[in-house]
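Below are the chains, spelled out letter by letter.
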Protein chains: 2
Amino acid sequence: MEKEHNLSKNQKIIFDIIDKSGEPMKAYSILFDVQKKGIKAPLQVYRALDKLVEIGKIHKIESRNAFIACQNSSCQITKATAFSICESCENVSEISNSKLSKYLSNFSDDSGMKYSKYNLEFFGLCKKCKSK
Amino acid sequence: MEKEHNLSKNQKIIFDIIDKSGEPMKAYSILFDVQKKGIKAPLQVYRALDKLVEIGKIHKIESRNAFIACQNSSCQITKATAFSICESCENVSEISNSKLSKYLSNFSDDSGMKYSKYNLEFFGLCKKCKSK
DNA sequence: CTTGTAAATGTTATATTATTACATACTGTT
DNA sequence: AACAGTATGTAATAATATAACATTTACAAG
């Protein structure tokens, strides 16, 4: 069984918007969209985003300062994220490739670091943009 | 032979500061440090940073909005970067592991994406912080 | 049911990170 | 000398994120 997270009001509103959009959203664009629902300040958005990231419902695309809903059904892998990003159309999708995640989760070297988390971003051209 | 990049005045000043520090530096902290050398405005810093990233002399640590000098002697791998980040002391170092870079450079999946670049950040605890 | 505590909210102000727009100067070629 | 490309200088502003403080809600323990 996976843990059920009961989202609070703001968290629900903000998750729904990101989830419906299906693409990475920036904090202030979210803010703009939720103002009609009474969320007026950046901090309200950032607090919800922080929590949603923490529980794995969304991920931050670091190179874009944007947030996308987790596309791995059960979102157990907050600690192991990989994305592919098209540098032309900016389409982003989450990579779920068990070999890749196994490889990276088991990665270790002689540095003495104890790794507990990783984030990987691949860049390139998507199918559509390649053929243009 | 690798290509020699002749850095301009500002690029040299800013690269030297980052290189000497040996750790990730933030843009505005660089700005503060170089003001005695006549670089007064954020844009002057960002322009040099952009160029230095482009030619691979420095890398951006995306999750930290900070810049670190390339630690791979010849800096041929602007397009394949991996870092280890200690979440306790914030020490960052560049990972140069040929198996890892081979594995990731050759990665492909059935999405139709043509990958040309990646950036990987590992998080955890370094040797020192582990034993505290 | 009330008391305590953690989590969530609301609000204002401010800090931090990054870019736009425009004018000028330098560098190396033809 | 003329040109093209790169770099610089300066001011203003945009975009992203957090600090500080007051209040409220959720919910478990007594």
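Provided above is the structure to which this section pertains.
Structure report, in brief.

Conventions and cut-offs
- Residues numbered from 1 in each chain as written.
- Chains lettered and ligands numbered in written order.
- Predicted model: local features only at pLDDT ≥ 70, side-chain atom pairs only at ≥ 80, totals over all residues.
- Heavy atoms only, no water.
- Contact = heavy atoms within 4.5 Å.
- Buried area = accessible area lost by both parts, 1.4 Å probe.
- Salt bridge = Lys/Arg side-chain N within 4 Å of Asp/Glu carboxyl O.
- Polar contact = N/O pair within 3.5 Å; in protein donor to acceptor, adjacent residues only side chain to side chain.
- Helix = DSSP H or I, 4+ residues; strand = E, 2+ residues; numbered from the N terminus.
- Nonpolar A, V, L, I, M, F, W, Y, C, P; charged D, E, K, R; others polar.
- Least-squares fit on C-alpha atoms with pLDDT ≥ 70 in both.
- Core = buried A, V, L, I, M, F, W, Y, C linked by side-chain atoms within 4.5 Å.
- Buried < 20%, exposed > 50% of the residue type's maximum accessible area, 1.4 Å probe, protein only.
- Pairing = 2+ DSSP bridges.
- Axes fitted to C-alpha atoms, helices over the stretch in contact; angles between N-to-C directions.
- Phe/Tyr/Trp six-rings, centres within 6.5 Å; stacked < 30°, edge-to-face > 60°.
- Lys NZ or Arg CZ within 6 Å of the ring centre and 35° of its normal.
- Near = heavy atom within 4 Å.
- Patch = residues over 30% accessible without salt bridge, like charges linked within 9 Å, V, L, I, M, F, W, Y side chains within 5 Å.
- Areas by Shrake-Rupley, 256 points an atom, 1.4 Å probe, with all protein chains shown as cover.

**Some thoughts on the interface of chain B and chain A**
Phase 1: The interface of chain B with chain A comprises 32 residues on the first partner and 32 residues on the second.
Phase 2: Roughly 2,800 Å² of surface becomes buried between chain B and chain A when both sides are summed, with 62% attributable to carbon and sulfur atoms.
Phase 3: At the junction of chain B and chain A, the tally comes to two salt bridges.
Phase 4: The closest approach of N and O atoms between A:Lys117 and B:Glu87, which form a salt bridge, is 3.4 Å.
Phase 5: Here chain B is connected to chain A by twelve residue pairs in polar contact (both at pLDDT 80 or more).
Phase 6: Elements with a minimum of two residues in the side of chain B that touches chain A: strand 3 (80–86), helix 4 (98–105), strand 5 (114–125) and helix 5 (127–130) of chain B.
Phase 7: The biggest single contributor to the side of chain B that touches chain A is strand 5 of chain B, with twelve residues.
Phase 8: Among the residues forming the side of chain B that touches chain A, the class breakdown is 15 nonpolar, eight polar and nine charged.

**Topic: the relation of the copies chain B and chain A**
Phase 1: The two copies are related by a screw operation: chain B maps onto chain A through 180° of rotation and 0.0 Å of translation along the axis, at an RMSD of 0.0 Å. A rotation of that kind, with that shift, is consistent with a two-fold axis. Residue B:Leu120 of chain B places its C-alpha closer to the rotation axis than any other residue of that unit, at 2.2 Å.
Phase 2: Interface overlap between copies: 100% of the residues of chain B at the interface are likewise at the interface in chain A, consistent with a symmetric, same-surface contact.

**Here we look at the side chain of A:Thr81**
Residues and elements named next belong to chain A.
Phase 1: Relative to the helices and strands, threonine 81 is located in strand 3 (residues 80–86).
Phase 2: There is a polar contact of 2.8 Å between the side chain of threonine 81 and the side chain of asparagine 119.
Phase 3: Setting aside anything within four residues of it in sequence, one finds threonine 81 in contact with His59, Tyr118, Asn119 and Leu120.

**Observations regarding the nonpolar core**
Considering soluble globular proteins, one finds that nonpolar side chains tend to be buried as a cluster.
Phase 1: By size, the foremost hydrophobic cluster in this structure holds 28 residues, and its most contacted members are A:Leu100, A:Leu120, A:Phe122, B:Leu100, B:Leu120 and B:Phe122.
Phase 2: Elements supplying a minimum of two residues to this core: strand 3, helix 4 (98–105) and strand 5 (114–125) of chain A together with strand 3, helix 4 and strand 5 of chain B.
Phase 3: Excluding residues within four positions of it along the chain, B:Leu100 makes contact with A:Tyr103, A:Leu104, A:Phe107, B:Ala82, B:Ile95, B:Tyr118, B:Leu120 and B:Phe122.

**Observations regarding the sheet that holds strand 3 of chain B**
Phase 1: The mixed open sheet is built from six strands, whose spatial order is 4(A)-3(A)-5(A)-5(B)-3(B)-4(B). Each edge of the sheet is formed by a strand with only one pairing partner; in this case those strands are strand 4 (92–94) of chain A together with strand 4 (92–94) of chain B. Strand-to-strand twist in this sheet, taken as the mean axis angle between neighbours without regard to direction, amounts to 20°.
Phase 2: Both strand 5 of chain A and strand 5 of chain B contribute to a ladder of eleven bridges, which runs antiparallel. In the strand pairing of strand 5 of chain B, A:Glu121 is matched with B:Asn119.
Phase 3: Strands in contact with helix 4 of chain A are strand 3 and strand 5 of chain A together with strand 5 of chain B; relative to strand 5 of chain A, the strand with the most contacts, it is inclined by about 135°.

**Focus: the packing of aromatic side chains**
Remark: the centre distance and the inter-plane angle together describe each pair of aromatic rings, the angle taken between the planes.
Phase 1: Evaluated as defined, the whole model comprises eleven aromatic pairs over all chains.
Phase 2: Judged by centre distance (4.7 Å) and plane angle (35°), the rings of A:Phe122 and B:Tyr115 are tilted. Of this pair, A:Phe122 sits in strand 5 while B:Tyr115 sits in strand 5, on two different chains. By the burial criterion, A:Phe122 is buried, and B:Tyr115 matches it.
Phase 3: Grouped by ring-pair contacts, the aromatic residues A:Phe107, A:Tyr115, A:Tyr118 and B:Phe122 constitute a single cluster.
Phase 4: One cation-aromatic arrangement involves A:Lys57 over A:Phe15; the distance from NZ or CZ to the ring centre is 4.6 Å.

**Some points on the protein's contact with DNA strand C**
Phase 1: Around DNA strand C, the surrounding shell holds 16 residues, and the nearest of these are A:Ser8, A:Gln44, A:Arg47, B:Lys26 and B:Lys60.
Phase 2: One of the side-chain nitrogen or oxygen atoms of B:Tyr28 is found 2.8 Å away from a base nitrogen of DNA strand C.
Phase 3: Of all the elements in the fold, those that place two or more residues in the surface near DNA strand C are helix 1 (9–21) and helix 3 (42–54) of chain A together with helix 3 (42–54) of chain B.
Phase 4: Ranked by the residues each element gives to the surface near DNA strand C, the list is headed by helix 3 of chain A, at four residues.

**Considering a nonpolar patch on the surface**
Phase 1: A grouping of A:Tyr28, A:Leu43 and A:Tyr46 is seen on the molecular surface, where their side chains present a nonpolar patch of about 320 Å² in accessible area.
Phase 2: Relative to the elements of secondary structure, A:Leu43 occurs in helix 3.

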